[in-house]
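# Structure assessment
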Amino acid sequence: MAGLHKSEFTNPVINWIDTRMPVFTMIQKEYGVFPTPKNFNYFWNFGALAMVNLMLMIATGIFLAMNYTAHTGMAFDSVERIMRDVNYGWLLRYGHANGASMFFIVVYVHIFRGLYYGSYKAPRELLWMIGVVIFLLMMATAFMGYVLPWGQMSYWGATVITNLFSAIPVVGESVVTWLWGGFSVDNPTLNRFFSLHYLLPFVIVGVVFLHIVALHITGSGNPLGIEVKGPQDTLPFHPYYTIKDSVGICVYFIVFAVLVFFAPNYLGHPDNYIPGNPLVTPNHIVPEWYFLPFYAILRSVPSKLGGVMMMFGSIALMFVLPWLDTSPVRSARFRPIYRILIWVLVLAMITLGVCGARPPEGIWVVLARLATAYYFLHFLVLLPLLGKLERPLPLPESISRPVLGGGPLPGGAMAKPMEKA
Amino acid sequence: MMRTAHLFQARLFPFAAAAFAAALTLAAPARAEEGEISYPKQNWSFNGPFGTFDRASAQRGFQVYKDVCATCHSLQQMAYRALSGIGIEPSAIAAIAGSVSVPALTDDGQPTERPALPSDRFRSPFPNDRAARAANNGALPPDLSVIEKAREGGADYLFALLTGFRDPPPGFKLGDGMNYNTAFAGHQIGMPPPLHDEGVTYADGTKATVEQQARDVTTFLAFAANPEMESRKRIGVRVILFLVVLTGLTYAVKRKVWADVDH
């Protein structure tokens, strides 16, 4: 249905544009008055933080790409030139490299928030699944970005990870040759990785947009895990959550600044300051810290194909999580057993991360296998069973009237009869 | 009303933060173990958030690099002009560069040499890796531009390596042309002990012991790998001070905005 929009903005310029293309109305609706549960804790900052982080990565990345040379013989030197000769090049590069680490920290907390408070449950399954797609895209982007400086870990990390595809029966070897654009990781590989590393972030932007569209249909979850019952349960997004997110963004920038300015190489590997050399294999090839848990899952299976399937399976599992968890209660706060198991899962992931950084021998193999076993047990066995076995605590009546607090109802609440949660 | 929720946040959040911090710290030293060798921590002038390069030490270290290391090791990422970062005057830099010849072409395209300019990169001792190996018993002396960042342990490792040459312990099988070193992985290193007492003569009268030279050249190499470090830390201190104030103000505004909300 075509037709001009009836804009309520009084500024004549804004009104003129808004009448023809109601973007201002949309922003006002989605980020101004958007009704948001009033009981968010600071875990609900991390979506906004991820958004800020994505923008920073794109901004620093665009300027790095202006000074980077995607060629096996020049890439390493061009990065050093950025560090030494480009004005504030060190800030761009350290900001981008540590920005990747910050991005994963933020997204891991964001995912943990989703797991803890059951954000993936109906009606937010699709929202969650789109999030898993973003996570996969992030992993691909980060992996290819790490290859670009063409240090030893770049080269050998690329070799190890691309070789995973050789585990595919029958066509594996051909697939790897096709991915490489040759018979080893070489200049064609570097060139396509650079191209894709520049492309994928914009794909992420698109999928993030879908993530937010889905979010604004279902509305946000909240720490109580019960649905909003009426206007007494919500606040307009602005100014309440714009300011609360701003507090989180400030703290996030402090952590980020400590890394960039005082420990810029703390999370990196020294070997990546050695130019990539196909003739010298590093003693231990390790990925960046944020891939270590998945790397540990990969290595804890003795068969190559099995390991690859377990590693990809550990993430694929996330797509069906909304149906694996059979409990109707969202928030772990009201699930006494799940509330313990989620911390066991966190412990398993940390164990996997530690094991992934160590050579696969002795106790580290045993620990990694135990943690891997728990990871799959948690999602495939415990979650489906728990929904049937666990006795959840009584849920609050509504966000503005939790069951434990008592206290009078706010004025608006009486206008609307409340349904049982 | 939501007192339980607040208690809960207060309990949960530090726990989660601590878990992530633990994961990060556990994952990082995990790599230090790989080398099986520990390097005693040294008290470097450039350590810490306010650390700077000790100018005198770094300049002496440059002399050690120039007189000793540069015989075999290149420093190809660094330009002569970067020496201003350790307090060497522009005229002195021009003289240092001018004393080196770099490859060039004549107007009719014949290979020739010209004196280096401050904007030139440090001239490498060998024209290519193969020539470097041929002159060094098959071993390739690594480029030293980022060596401080390219080795586990950084400056502490470099110092331990340079002062770690010993006679091999009895029963240790040392390869032909190899040298025993306490800090090097496997303890066999192709490089012969490069530093000797009074091997260089310092212009400032500092006694040139092996340890002193090792300390000085390590300071210089730490500068070579991180020429931006001083301005990075200086900016960092200001950025963090600014952010702390901004966080305080933002939190105050948040409290004010939320003051009338029952939550």
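Refer to the structure above for everything that follows.
Presented here is an overview of the structure given in this document. (Residues numbered from 1 in each chain as written. Chains lettered and ligands numbered in written order. Predicted model: local features only at pLDDT ≥ 70, side-chain atom pairs only at ≥ 80, totals over all residues. Heavy atoms only, no water.)

## A short note on the overall build of chain A
Counting secondary structure elements, chain A contains 14 helices and 2 strands. On C-alpha atoms alone, chain A measures out to a radius of gyration of 24 Å, which is about the 22 Å that the 2.2 N^0.38 rule sets for 421 residues. Projecting the C-alpha coordinates of chain A onto the three principal axes gives extents of approximately 75 × 60 × 45 Å. Looking at chain A residue by residue over its 421 residues, the buried ones come to 53%. For chain A, the share of sequence-separated contacts (at least 6 apart) that also reach a separation of at least 24 residues comes to 78%. As displayed, chain A offers around 18900 Å² of accessible surface, 72% of which is attributable to carbon and sulfur atoms. Taken together, the 26 basic and 19 acidic charged side chains of chain A have centroids lying 8 Å from each other. (Helix = DSSP H or I, 4+ residues; strand = E, 2+ residues; numbered from the N terminus. Rg over C-alpha atoms; globule rule 2.2 N^0.38 Å. Buried < 20%, exposed > 50% of the residue type's maximum accessible area, 1.4 Å probe, protein only. Contact = heavy atoms within 4.5 Å. Areas by Shrake-Rupley, 256 points an atom, 1.4 Å probe, with all protein chains shown as cover. Lys, Arg positive; Asp, Glu negative; His and termini not counted. Charge placed at Lys NZ, Arg CZ, Asp CG, Glu CD.)

## Notes on a nonpolar patch on the surface
Residues and elements named next belong to chain A. On the surface, a nonpolar cluster with roughly 460 Å² of combined accessible area is contributed by Phe165, Ile168, Val170, Val171 and Phe312. With respect to the helices and strands, the residue Val170 is situated in the loop between helix 7 (152-163) and helix 8 (172-180). The class for Val170 is exposed, based on a relative accessible area of 83%. (Patch = residues over 30% accessible without salt bridge, like charges linked within 9 Å, V, L, I, M, F, W, Y side chains within 5 Å. Salt bridge = Lys/Arg side-chain N within 4 Å of Asp/Glu carboxyl O.)

## Thoughts on the pairing of strand 2 (residues 111-115) of chain B
The pairing of strand 1 (residues 101-105) of chain B with strand 2 of chain B spans 5 bridges and is antiparallel. Bridging across to strand 2 of chain B, Val102(B) finds its partner in Arg114(B). (Pairing = 2+ DSSP bridges.)

## Here's the deal with the nonpolar core
In terms of nonpolar packing, the biggest core is built from 128 residues, with Phe104(A), Leu115(A) and Phe379(A) touching the most fellow members. Per-element accounting of this core gives the leading share, 15 residues, to helix 5 (residues 89-116) of chain A. Other than its neighbours up to four places away in sequence, Phe379(A) contacts Leu115(A), Leu317(A), Met318(A), Leu321(A), Leu324(A), Leu345(A) and Pro384(A). Of all hydrophobic cores here, the second largest spans 47 residues; its members include Phe53(B), Ile96(B), Val217(B) and Phe220(B). (Core = buried A, V, L, I, M, F, W, Y, C linked by side-chain atoms within 4.5 Å.)

## Some words on the pattern of salt bridges
Side-chain pairs of opposite charge can arise where the charged atoms are in close proximity. Within the structure shown, the criterion is met by 19 salt bridges over all chains. Linking Asp85(A) and Arg121(B) is a salt bridge whose minimum nitrogen-to-oxygen distance equals 2.4 Å. Taken together, the positions of Asp85(A) in the loop between helix 4 (75-84) and helix 5 and Arg121(B) in the loop between strand 2 and helix 5 (129-134) put the pair across two chains. Arg114(B) serves as the salt-bridge partner of Asp120(B), at 2.9 Å between the closest nitrogen and oxygen. Exposure remark for Asp120(B): the relative accessible area of 15% places this residue in the buried category. Each of the salt bridges in this network shares a partner with another, and the network as a whole consists of Lys121(A), Asp325(A), Arg335(A) and Glu390(A).

## As for the environment of Lys38(A)
Residue and element names in this part refer to chain A. Topologically, Lys38 is positioned in the loop between strand 1 (35-37) and helix 3 (46-67). Taking relative accessible area as the criterion, Lys38 reaches 9% and is therefore assigned buried. The spacing of Lys38 and Tyr120 is 82 residues in sequence and 20 Å in space, taken between C-alpha atoms.

## Concerning the environment of Leu215(A)
Of note, Leu215(A) is situated in helix 9 (residues 187-218). Beyond its immediate chain neighbours, meaning those up to four positions away, Leu215(A) contacts Leu127(A) and Ser220(A).

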